[in-house]
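An overview of the molecular structure
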Amino acid sequence: MFKRILVAVDPSPSRLTSVRMAGEMARLTGASVHVLHVAAATATLDTVVRLENDAEAKAILDEAIAALRDEGVEADGTLVNGLLNDVPTLINETAEQLGADLIVLSPHHRGVVAALFNPRVSDIVTHASNTAVLLAPERREAASS
């Protein structure tokens, strides 16, 4: 069924749930997991502002890979830099390059009006991808971490 899973993680606590779910799917199907973390930046007029530093971004990626490996899942990862608006494209391009069978994401819940002004990455990835997408809802234990 699934042989290559891409899990995209961000700095939010909900990443813990998406990593756990990707690991569970990998164990069930014998798949390997590739973790992608986009160290995002935003542009305002003529200034680009990074939303996390290199050490923070690497720690997020390393944490996810270690959690998967601790569960016996074959895992590796990639850290890329990109603008906030480019995150969905980077996720879909990575999935294509890897030949991923499944993308696992954590949706960030916003109302419809808020999503019009700040589109949800999960919505864009889901509608633009040729790969199956699994949305891992945030669980209480992830929110309290």
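Now for a description of the structure that goes with this document. All figures in this text were calculated on a predicted structure; none of them were measured in a lab.

**Overview of the packing of helix α1 (residues 15-29) against helix α2 (residues 54-70)**
Taken N-terminus to C-terminus, the directions of α1 and α2 make an angle of 35°; their axes are 10 Å apart at the nearest point. For the crossing formed where α1 meets α2, the hand is right-handed. Across the interface between the two elements, Arg15, Leu16, Val19, Ala22 and Gly23 from α1 touch Ile60, Glu63, Ala64, Ala67 and Leu68 from α2. Looking at the contact of α1 with α2 residue by residue, the classes come out as seven nonpolar, one polar and two charged.

**Details of the pattern of salt bridges**
In this structure the tally under the stated criterion is four salt bridges. A salt bridge links glutamate 71 to arginine 27, with the shortest nitrogen-to-oxygen separation between them at 3.8 Å. Residue glutamate 71 is located in the loop between α2 and β4 (75-83), and its partner arginine 27 is located in helix α1; the two are separated by 44 residues in the primary sequence. On the basis of relative accessible area, arginine 27 is assigned to the partly exposed category, the value being 42%. A salt bridge links arginine 50 to aspartate 54; the shortest N-O distance between them is 2.7 Å.

**What to know about unusual backbone geometry**
Notably, leucine 45 is not glycine yet its phi reads approximately 50°, a positive angle. On the secondary structure map, leucine 45 appears in the loop between β2 (32-44) and β3 (47-50). Under the relative-accessibility criterion, leucine 45 is labelled exposed at 92%.

**Observations regarding the nonpolar core**
With 22 residues, the main nonpolar core has Ile5, Val7, Val9, Val33, Val35, Leu68 and Val104 as its most contacted residues. Secondary structure elements with two or more residues in this core: β1 (4-9), α1, β2, α2 and β5 (102-105). For valine 9, the contacting residues outside a window of four places in its chain are Arg15, Ser18, Val19, Val35, Leu36, His37, Val38, Ile60 and Ala64. Of all hydrophobic cores here, the second largest spans 13 residues; its members include Leu6, Val87, Ile91 and Ile103.

Basis of the calculations
Residues numbered from 1 in each chain as written. Predicted model: local features only at pLDDT ≥ 70, side-chain atom pairs only at ≥ 80, totals over all residues. Heavy atoms only, no water. Axes fitted to C-alpha atoms, helices over the stretch in contact; angles between N-to-C directions. Helix = DSSP H or I, 4+ residues; strand = E, 2+ residues; numbered from the N terminus. Left-handed = near helix turned anticlockwise from the far one by under 90°. Contact = heavy atoms within 4.5 Å. Nonpolar A, V, L, I, M, F, W, Y, C, P; charged D, E, K, R; others polar. Salt bridge = Lys/Arg side-chain N within 4 Å of Asp/Glu carboxyl O. Buried < 20%, exposed > 50% of the residue type's maximum accessible area, 1.4 Å probe, protein only. Core = buried A, V, L, I, M, F, W, Y, C linked by side-chain atoms within 4.5 Å.

Nothing here speaks to function; it is all geometry.
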